[in-house]
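# Fold and contact review
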Amino acid sequence: MFDLLKKAEEFKMSRRSFIGWSSAIAATAAVPVARGLVAKAEENSNSESSSNEEIWKSAACWHNCGGRCVNKVLVKDGVVVRQKTDDTHPDSPDYPQQRGCIRGRSQRQQVFGADRLKYPMKRKNWAPGGGNKELRGKDQWVRISWDEALDIVSSEISRISKKYGNEAIWATGAGEISKVMAVNGGCTTDYGTTSWGAWKDASTMMGMAEGWIDVGINDRLDLRNSQLIVLWGENPAWSSPGSPTYNFLQAKKAGARFISIDPKYTDSAQVLEAEWVPVRPGTDHALALAMMYTLLDEDNSATNSLIDWDFLNRYTVGFDQDHMPQGADPKDNFKDYLLGTYDHMPKTPEWAAEICGVQPEKIRDLARQVGSTNRVALLTGWGPARINDGEGWVQAFSTLGLMTGQLGRPGQMTGVSCHRAAGNGGPWLVKGGMAGLPTPKNPVKNSINHNEIFTAVLDGKYLQKGEGEKQANIQLIYHQNNATLQTRGAIKKGIEAHRKVEFVVSHAYVLNTNAKYSDVVLPVTTEWEREGGMLEGNREIFIVYTKIVDPLYEAKSDSLIAEELMKKLGKDPKELYPFDEKQAFFNKLATSTVIAASGTGYEPLVTITDQDIKEWKVQGKPQQGRIMLKEFLEKGVYQVERKPGDNFGHIAYKKFIDDPTGSPLKTKSGKFEIYCSTINEASKGLWTEISPIPKYTAKTKGYEDTFADWESKKKGKYPFQVYNPHYLRRSHSTFDNVPWLREAWPNPVYINKSDAKLKGIKDGDTVLLSSEFGKTLRPASLTETLMPGVIALPHGAWVEMDEKEEVDKAGADNMLTGPIPTGLGTSGWNTAICDMEKWEGEPLEADDKWKQRVLF
Ligand code: SF4
């Protein structure tokens, strides 16, 4: 095994060439799909080796990233020596290659990194019941055998469930261990709005799509019909590299102009030459209301038509007192709220400017641009909705689209454009199949909102949806595949919670934040060491990947660990795994489907022969599909070829727009609900009550909270807003350990020059950011392309605590965010406030120079 890794090191791409390449991308506005780096189709040798010893294999880039790209590795003599991306067909705007970004191209640095965990291990000072629990995160690690590790884990599960009940076990996220827990008496779970923010629940209640399961925008070819594209808090160049930015470029070439409304002038805005409208985080809601006020104020159906009254009348309820749903007070209509008829507070641009920071004339100009352009794409990422009390923003953004009738027609769309569906909406044209493994039900019903989970561990109570306050006594935390401690609010509190319970165990392939604060760590394989699998990408593709190398060191897959744990717990592993991983992979392939050529209905994707079944040594039947099994595995992708006017286009909500009576929406009224009693009722008894119409409320830890006194504008203890944009170095928190990516993207904190000047901070100075929830350090990057008063701290850096100073040195964004449940339980990461000052201690060394977390 050591020889294998040594060989990999000898073959690796030179660091200099990688960094140079990465910097070139940065210089071209970080368009990750650098089309200049042409991958020629004729070079695609697939599995044909250029010598007898070399073979290209389809490898996974498996992270929760909005891009989803083809990733190939050249394996020579059992060692990965090169990587490349999509060259399976010639590149064209209608049928683009699915090219990877710098993260995917550095994937082998992650799989073969020196910091891979090699063996099962336990904390030196661990003992049944926890031992010295305060040492979690600081203790030394001791190598143990798999047998001992599984003995410890199973006996702690049994001991704790016997002593406190299965409710005392919290399995974070959802994965193989959730299934083991389900057949072993159950466990407490957690839930939240994760990436969606307030879109997750509020949108569907009012008839809009949430943007993941149901994508409410038109497809990418129709995007070219839009005349104006508003990217409201959307930066695909960083958050969803891969193909989305390229698709937006095609819309630009077709004549669309762009507006970017964002706290920061993003790389997407730069490459699309968008007009930038800086806005304060969490105040988009006020801006949207003032735009709608302007539309109402200036609309004249004869001379200056800005509002689509016919659309409002036919397809919505709640806009004015004549269109209220049954049972609602007519005075509660949205129009009168905008005009301030009853609350005596018209939502004018002047009113909004004080909150959102956009000048009144600019607000009017934005409203006029949206209202007077025929075909507008009003697109937003989930980021602006990842705020406390964020449901009102979802309602307001949607209402702006409804008021201007920008839905359901070519070139017209309003909705979430994010992650795998950025700029490309519609039902999936290729669908992955199912493994066919049992999914047992968890008998424990306790489920704790992400915003309350660490508080629940520490204080012993939480709010159970539908039941009210409930007691909790969590004593065992089982981290399976979710970066829970890193990516929930209030990491400091999370660390305290981890130091309170009796046992913490993690599955991990490197010492990430979950693993670091555990008692026992079980080394898992990466996807490159597994039998293979499938990954959903944008609607036109499905990615397939194969096994690249055997499991490194003593790593095992999550399902193998689950099987062995079942045995230790006295259960039959066949209950969960009636067949092996290869059969599970085969089943997925065999049940995958692709849209029929007519555009209606689906048919099998993969052609499987008797010979395939024999070679794979699996159970199955031959079938006729669209692509031969071997070809699919070699290519690593199946992509539906698109062209304008084909049968695969998508106009969101078209059925409803064409026939509102025959194809009603799934809302109480069957229409879009600007007045939505469902949202209001759902919020009662939870954390904060949501109005049925998009009423503005000051957001908890939002801009208004930066003031000690709003009237006199006297700033408070935490005078800055801080938000956490996605960053090209990482996919959420994944890849943060890769040294080359650290060097290419050094993870500074972005500060406006004027704010820095006031605080005496210079470019490159180490800055201390502090909130009521924690403290973190980062080198300053001063800029004029950031809203003054706002600090941008990139999302996902792995916390690195200086225990003595109680300060994190890595710039972990969630050191500053709070555990604050609001509304329907939305996670409000982008509503946080802080102070900053020049750090008087030792200046930070660039983190690519930091020692890797190499154990044993
Ligand atoms: S990290 Fe995302 S965008 Fe980059 S190569 Fe992987 S899947 Fe593509």
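Residues numbered from 1 in each chain as written. Predicted model: local features only at pLDDT ≥ 70, side-chain atom pairs only at ≥ 80, totals over all residues. Heavy atoms only, no water.

## Considerations on the domain arrangement of the protein chain
- Assigned domains of the protein chain: these are domain 1 (199-426 + 668-683) and domain 2 (703-849).
- The centre of domain 1, based on its C-alpha atoms, is set 29 Å off from the matching centre of domain 2.
- The interface is formed by 33 residues belonging to domain 1 together with 27 residues belonging to domain 2.
- Taking both partners together, domain 1 and domain 2 bury about 2,600 Å²; carbon and sulfur atoms supply 61% of that area.
- For the pair domain 1 and domain 2, the interface holds one salt bridge.
- Residue Glu354 pairs with Lys713 through a salt bridge whose shortest N-O separation is 2.6 Å.
- Remark: the boundary between domain 1 and domain 2 carries 13 residue pairs in polar contact (both at pLDDT 80 or more).
- Secondary-structure elements contributing two or more residues to the side of domain 1 that touches domain 2 are helix H7 (199-205), helix H9 (236-239), strand S10 (275-278), helix H15 (349-356) and helix H27 (677-683).
- Here the side of domain 1 that touches domain 2 is composed, by residue class, of 17 nonpolar, seven polar and nine charged. (Domains from an automatic or database assignment. Contact = heavy atoms within 4.5 Å. Buried area = accessible area lost by both parts, 1.4 Å probe. Salt bridge = Lys/Arg side-chain N within 4 Å of Asp/Glu carboxyl O. Polar contact = N/O pair within 3.5 Å; in protein donor to acceptor, adjacent residues only side chain to side chain. Helix = DSSP H or I, 4+ residues; strand = E, 2+ residues; numbered from the N terminus. Nonpolar A, V, L, I, M, F, W, Y, C, P; charged D, E, K, R; others polar.)

## Some words on the confidence of the model for the protein chain
- When pLDDT is averaged along the protein chain, the result is 93; 94% of the residues meet or exceed 70.
- Predicted confidence for residues 1-50 stays below pLDDT 50, and this span has 94 contacts to residues more than four positions away or in other chains. (pLDDT = per-residue confidence, 0-100.)

## Let's talk about the UniProt feature "domain: 4Fe-4S Mo/W bis-MGD-type" (unreviewed entry) in the protein chain
- In the numbering used here, UniProt assigns the "domain: 4Fe-4S Mo/W bis-MGD-type" (unreviewed entry) feature to residues 54-115.
- Structurally, residues 54-115 comprises 15% helix and 26% strand, and the distance from its first C-alpha atom to its last is 27 Å. (UniProt positions renumbered as here; feature names shortened; annotations may be inferred.)

## Some details on the side chain of Asp808
- With respect to the helices, strands and loops of the structure, Asp808 is situated in strand S37 (residues 807-808).
- There is no salt bridge for the buried Asp808, and the closest opposite charge comes from Arg778, which lies 6.7 Å off by N-O distance.
- Non-local contacts of Asp808, meaning those with residues more than four positions away in its chain, are made with Lys775, Thr776, Leu777, Val799, Glu800, Met801 and Met815. (Buried < 20%, exposed > 50% of the residue type's maximum accessible area, 1.4 Å probe, protein only. Lys, Arg positive; Asp, Glu negative; His and termini not counted.)

## Observations regarding helix H12 (residues 284-298)
- Across its 15 residues, H12 extends 21 Å between first and last C-alpha, which sits within 8% of the 21 Å expected from 1.5 Å per residue.
- Counted residue by residue, H12 has 14 buried out of 15 residues, so it is predominantly covered. (Expected span 1.5 Å × (residues − 1).)

## What about the pairing of strand S32 (residues 749-752)?
- Every second residue of S32 is oriented toward a common face, with Val749 and Ile751 on one face and Tyr750 and Asn752 on the other, all of them buried.
- In the sheet, S32 pairs with strand S34 (residues 774-783) via four bridges, with the strands oriented parallel. What sits directly across from Tyr750, in S34, is Ser781.
- Bridge count between S32 and strand S35 (residues 790-792): two bridges; the pairing is antiparallel. From the neighbouring strand, Ile751 faces S35, where its bridge partner is Ile791. (Pairing = 2+ DSSP bridges.)

## Thoughts on the side chain of Ser226
- Residue position: Ser226 is located in the loop between helix H8 (220-223) and strand S8 (228-232).
- Only 2.9 Å separates the side chain of Ser226 from the backbone oxygen of Gly411, close enough to count as a polar contact.

## Topic: the pairing of strand S33 (residues 766-771)
- Extensive coverage of S33 is indicated by the burial of six of its six residues.
- The alternating pattern of S33 places Thr766, Leu768 and Ser770 and Val767, Leu769 and Ser771 on opposite faces, both of which are buried.
- As paired elements, S33 and S34 share six bridges and run antiparallel to each other. The residue of S34 that forms the bridge with Val767 is Arg778.
- A loop of two residues connects S33 with S34, the two strands running antiparallel in sequence.
- Inspection of the sheet shows S33 paired to strand S38 (residues 833-838) by four bridges, in the antiparallel sense. Note that in S38 the partner of Ser770 across the bridge is Asp835.

## Things to note about the sheet that holds strand S2 (residues 72-76)
- Within the open sheet, the three strands sit side by side as S1-S2-S3. Their pairing is antiparallel. Every interior strand has two partners, whereas the edge strands, strand S1 (54-58) and strand S3 (79-84), have only one. Strand-to-strand twist in this sheet, taken as the mean axis angle between neighbours without regard to direction, amounts to 30°.
- Pairing between S2 and S3: five bridges, direction antiparallel. Looking at the pairing, Lys76 lines up with Val79 of S3. (Axes fitted to C-alpha atoms, helices over the stretch in contact; angles between N-to-C directions.)

## Digging into the packing of helix H5 (residues 146-164) against helix H22 (residues 558-568)
- In the contact formed by H5 and H22, the axes pass within 9 Å of each other and the chain directions differ by 65°. For the element pair H5 and H22, the recorded crossing hand is right-handed. Across the interface between the two elements, Trp146, Asp147, Leu150, Asp151, Val153, Ser154 and Ile157 from H5 touch Ile561, Glu564, Leu565 and Lys568 from H22.
- Of the residues contributing to the contact of H5 with H22, the split by class is six nonpolar, one polar and four charged. (Left-handed = near helix turned anticlockwise from the far one by under 90°.)

## Topic: the nonpolar core
- Of all hydrophobic cores here, the largest spans 76 residues; its most connected members are Trp232, Leu287 and Phe672.
- A total of nine residues in this core trace back to one element, the largest contributor, which is H12.
- In contact with Phe672, not counting residues within four places along its chain, are Met206, Gly207, Met208, Phe311, Tyr315, Thr316, Val317, Leu402, Leu407, Tyr653, Phe656 and Leu665.
- Core analysis: the second largest hydrophobic core is formed by 53 residues, Val75, Val111, Trp528 and Tyr545 among them. (Core = buried A, V, L, I, M, F, W, Y, C linked by side-chain atoms within 4.5 Å.)

## Here's the deal with the environment of Gly216
- The residue Gly216 is located in the loop between H7 and H8 in this model.
- The spacing of Gly216 and Pro692 is 476 residues in sequence and 21 Å in space, taken between C-alpha atoms.
- Setting aside chain neighbours within four positions, we find Gly216 in contact with Ala209, Thr414, Ala652 and Tyr653.

## Structural notes on the pattern of salt bridges
- Summed over the entire model, instances satisfying the criterion amount to 55 salt bridges.
- Close ionic contact of Arg99 with Asp91 constitutes a salt bridge, the shortest N to O distance being 3.3 Å.
- We classify Arg99 as buried; its relative accessible area is 3%.
- On the basis of relative accessible area, Asp91 is assigned to the partly exposed category, the value being 29%.
- Notably, a salt bridge pairs Lys654 with Asp658, separated by 2.6 Å at the nearest N-O pair. Of the two residues, Lys654 and Asp658 both sit in helix H26 (residues 654-658), four residues apart, roughly one turn of that helix.
- Residue Lys654 is classed as partly exposed on the basis of its relative accessible area, which comes to 38%.
- According to the relative accessible area criterion, Asp658 is exposed, its value standing at 51%.
- Within this structure, Arg729, Arg730, Asp736, Arg742, Arg778 and Asp847 form a network of salt bridges that share partners.

## Thoughts on the packing of aromatic side chains
- Counted under the stated rule, the structure contains 30 aromatic pairs.
- Consider the rings of Trp212 and Trp382, whose centres lie 6.2 Å apart with planes at 50°: the pair is tilted. With Trp212 in the loop between H7 and H8 and Trp382 in the loop between strand S12 (376-380) and helix H17 (391-403), this pair connects stretches of sequence that are 170 residues apart.
- Taking relative accessible area as the criterion, Trp212 reaches 25% and is therefore assigned partly exposed.
- Pairing Trp238 with Tyr750 gives two aromatic rings, centres 6.4 Å apart and planes at 40°, and the pair type is tilted. Taken together, the residues span a long stretch of sequence, with Trp238 in helix H9 and Tyr750 in strand S32 at a distance of 512 residues.
- One aromatic cluster is present, formed by Phe311, Tyr315, Tyr653, Phe656 and Phe672 through successive ring pairs.
- Against the face of Trp196 rests Lys200, its NZ or CZ located 5.5 Å from the ring centre.
- Here Lys347 stacks its cationic end above the ring of Tyr337, 3.9 Å away from the centre of that ring. (Phe/Tyr/Trp six-rings, centres within 6.5 Å; stacked < 30°, edge-to-face > 60°. Lys NZ or Arg CZ within 6 Å of the ring centre and 35° of its normal.)

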